[in-house]
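Descriptive analysis of the structure
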Amino acid sequence: MLNYKTGVVGAGRVGAGMATLMAGHGCEVTIVGLDEDDLQRCRGILEGNLDELVQQGLATEKNRAAILRRFTLTTDTTALKGCMFVLEAAFENLDVKKGIYRQVEAVVSPDTLMASTTSAISVELLTADMAHPERFAVTHPFQPAHMLPLVELVGGPNTAPETIDRLHAFLEELDREVVTLHKSVPGFIINRLAQALFRESLYLVEQGVVSVADVDKAIKYAVGMRYASIGLLEYFDDVGFSLERDIAQTVYPDLCSTRAIQQIVLDGLASGKTGRSVGLGLYDWSKKDDADYLRRKAAPYYACFHWDMPEA
C-alpha cells in the first residue's frame, strides 16, 4: 500500500477516477476544483466509484470508508504543497491548462512530478511557459480511469529521462499497464488505432458490405478474442512477413483512406441521431438491454482488478 501525498486539479470524471485510483492504493489525495458546486459533483462521483466496487465485491465497506478519508476537496491550489505528484485533469483548453501549471508550480517543490491527462495537446505546447518542464509528462488514462488499467506515458523534448522513469514506476505501483511513447503524435497510440478501426468499419457499412451488428460481431469474436491474450504484432510475427505482405498487397489498395468525416456521421449529427445518449445512432438503443450493455462494458475491468486497499 502506498503512502504518498498526491494532487489532482480537475474535479470531473477523469480527475475523480484517477483520485479514486490513488486513494484506493493508500495515497492521500487533494482534489482542486473550480467552486463548491464542482466539488460537490466530484464527491458524488467518488462515492459512486466506491459504491460500485463494494457492489461488485471488489471492496468492503471498511475499504470504502478508509479511502473516503484520504480525499481532501478544495478550491485552494496552495493545498497541493508537499505533493510528490500533481495531475492536471482539466478540460482540453491550452490556456486553462497553462494557468493551472502556473498556480501549481508556485506552491510545489521543483522535484514534484507533474502530468496531464490530455489526449490531444502535445507536451511541448503544455510546457511552453513552465519553470520546470523537465519534471512534466502526459499520463493519458482511459475511461473509467480508475478501472481500465492502460495509461499512455508521453514525454516532451524537455522531459527528463528520470521523470519518465519515476512516472512509469509510480503508475506501475498503481497497478497500471504503461505504454511509453518515444515521441508525441496526435491521438497517441490507442486513439489512432481506434480511429483506424472506426474509419474502416464505417466505410464497410456505408459501402453496403456488412451490417453494423455484424461488424461488431466480427470484432468481438475474432479481433477481441485473439488480441485479448496475444499482441497484435506478436500475431503479425506469428503469421510471418511473407504471408502478411501478400495479404497487404491485396487489401491495402482497397482500404478506406478518406481524410474527411464520413457521411454516416454527418447524417447522424444533422438528424440528432448521435448515439446511445439520445437512444439512436448506429443502433436503435431502445431495442437493446442497457443494463446488459453496461455489465458487458465493465466486466473485463473487474476481472483484472487487484488493488492493495487501505482498511484504516
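Let's shift gears to the state of the cysteines. Inspection of every chain in the model, using the stated rule, returns zero disulfides. Here Cys 42 is not disulfide-linked; the sulfur of Cys 83 is the nearest cysteine sulfur, at 15 Å.

As enumerated under the stated definition, the model contains ten salt bridges in all. Glu 92 is the partner of Lys 97 in a salt bridge, and the nearest nitrogen-oxygen pair spans 3.2 Å. Residue classification places Lys 97 among the buried positions, given a relative accessible area of 0%. Residue class for Glu 92 comes out partly exposed when judged on its relative accessible area of 41%.

The mixed open sheet is built from eight strands, whose spatial order is β3-β2-β1-β4-β5-β6-β7-β8. Sheet topology places β3 (71–74) and β8 (177–181) at the edges, where each strand pairs with a single neighbour. Within this sheet the neighbouring strands show an average axis-to-axis angle of 25°, counted without direction. Note that strand β6 (residues 136–140) and strand β7 (residues 150–154) share three bridges and pair antiparallel. What sits directly across from Val 138, in β7, is Val 154.

Attention now goes to the pairing of β6. Of all five residues that make up β6, five are buried, and the element is covered over most of its length. Burial of β6 is two-sided: the residues Phe 136, Val 138 and His 140 facing one way and the residues Ala 137 and Thr 139 facing the other way are all buried. With three bridges joining them, strand β5 (residues 113–116) and β6 adopt parallel strand pairing. What sits directly across from Ala 115, in β6, is Ala 137.

Once that is clear, we can look at helix α4 (residues 94–105). Across its twelve residues, α4 extends 16 Å between first and last C-alpha, which sits within 8% of the 16 Å expected from 1.5 Å per residue. All of the buried residues along α4 are Lys 97, Lys 98, Gly 99, Ile 100, Tyr 101, Val 104 and Glu 105. Looking at the buried residues of α4, the elements they touch are β1 (5–9), β4 (85–88), β5, α5 (123–126) and β6. For α4, the N-terminal cap is Asn 93; the gap from its side-chain oxygen to the backbone nitrogen of Asp 95 is 3.0 Å.

What counts, and at which threshold
- Residues numbered from 1 in each chain as written.
- Predicted model: local features only at pLDDT ≥ 70, side-chain atom pairs only at ≥ 80, totals over all residues.
- Heavy atoms only, no water.
- Disulfide = S-S within 2.5 Å.
- Salt bridge = Lys/Arg side-chain N within 4 Å of Asp/Glu carboxyl O.
- Buried < 20%, exposed > 50% of the residue type's maximum accessible area, 1.4 Å probe, protein only.
- Pairing = 2+ DSSP bridges.
- Helix = DSSP H or I, 4+ residues; strand = E, 2+ residues; numbered from the N terminus.
- Axes fitted to C-alpha atoms, helices over the stretch in contact; angles between N-to-C directions.
- Expected span 1.5 Å × (residues − 1).
- Contact = heavy atoms within 4.5 Å.
- Polar contact = N/O pair within 3.5 Å; in protein donor to acceptor, adjacent residues only side chain to side chain.

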